[in-house]
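Listed here are the chains, written in short residue letters.
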Amino acid sequence: MADTYYNPKDLRKFGKITEWSEELGTKFFDYYGKVFEEGALSAREKSLIALAVSHVVKCPYCIDAYTKDGLQKGITKEEMMEAVHVGAAIESGATLVHGVQMMNKYDKLSM
């Protein structure tokens, strides 16, 4: 397998970020853990949201982690792919809606 910028083994090292900033790292992991607790949304729903967001922000570590987490929580491949498409649609829409800004600027400059 060819070397890539992202090494899947690095995901296991994520907890080590506290070594360089213990206070902030600890606060982050406390927050992160709290976010993924059962609440108004189930842990399963949160995992599916995390998987979709992982694709939007293009984090291969997160994609790996939340694909695995989703499988452990019983999320089907169809549900995962649908969530990815939801993320893609929102990301595409966000890009395209900024076209209105371009259109407004174009109209203003070409008067």
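Thresholds applied
Along each chain, residue indices are assigned from 1 in the same order as the chain's sequence is written. With the structure being a predicted model, the display of local features is reserved for residues of pLDDT at least 70 and the display and counting of side-chain atom pairs for 80 or more, all residues being used for whole-chain, interface and lining totals. Calculated side-chain values reflect all of the structure's heavy atoms, with hydrogen atoms and water omitted. The secondary structure listing takes helices from DSSP runs of H or I that are at least 4 residues long and strands from runs of E that are at least 2 residues long, numbered from the N terminus. C-alpha atoms define the radius of gyration, and 2.2 Å times the number of residues to the power 0.38 defines the globule rule. Think of it in three bands: residues with accessible area under 20% of the maximum for their type are buried, residues over 50% are exposed, and the middle band is partly exposed, with areas taken using a 1.4 Å probe on protein chains only. Two residues qualify as a contact provided that any one of their heavy atoms is within 4.5 Å of a heavy atom in the partner residue. Reported accessibility uses the Shrake-Rupley method at a 1.4 Å probe radius. Residues are deemed covered only where the shown protein chains occlude them. Positive charges come from Lys and Arg alone, negative charges from Asp and Glu alone, with His and the N- and C-terminal ends not counted. Charged groups are reduced to one reference atom each: NZ for lysine, CZ for arginine, CG for aspartic acid, CD for glutamic acid. Only one rule defines a salt bridge in this text: a Lys or Arg side-chain nitrogen within 4 Å of an Asp or Glu carboxyl oxygen. Put simply, buried Ala, Val, Leu, Ile, Met, Phe, Trp, Tyr and Cys residues joined by side-chain atoms within 4.5 Å make one nonpolar core.

The protein chain is annotated in an unreviewed UniProt entry as Arsenosugar biosynthesis-associated peroxidase-like protein from Croceitalea marina.

**Thoughts on the overall build of the protein chain**
In terms of helices and strands, the protein chain carries five helices and zero strands. Scaling as 2.2 N^0.38, a compact globule of 111 residues should have a C-alpha radius of gyration of about 13 Å, whereas the protein chain reaches 19 Å, well beyond that. The C-alpha extent of the protein chain, read off along each of the three principal axes, is 55 × 40 × 35 Å. Here the protein chain, with 111 residues, has 17% of them falling under the buried criterion. When contacts within the protein chain are restricted to residue pairs at least 6 apart in sequence, those whose partners lie at least 24 apart make up 48%. As displayed, the protein chain has an accessible area near 9000 Å², and 64% of this comes from carbon and sulfur atoms. Looking at the protein chain, you have 14 positive and 16 negative side-chain charges, and the mean spots of the two groups are 3 Å apart.

**Some details on the pattern of salt bridges**
Scanning the entire structure with this criterion turns up six salt bridges. Close ionic contact of K27 with E23 constitutes a salt bridge, the shortest N to O distance being 3.0 Å. Taken together, the residues span about one helical turn, with K27 and E23 both in helix α1 (residues 22-35) at a distance of four residues. The exposure class assigned to E23 is exposed, which follows from its relative accessible area of 54%. Notably, a salt bridge pairs E37 with K34, separated by 3.3 Å at the nearest N-O pair. The class for E37 is partly exposed, based on a relative accessible area of 39%.

**Brief notes about the nonpolar core**
The biggest cluster of nonpolar side chains holds eight residues, and these are L48, A50, L51, A52, Y66, I75, M80 and A83. Elements represented by at least two residues in this core include exactly α2 (43-56) and α4 (77-97). Ranked by the residues each element gives to this core, the list is headed by α2, at four residues.

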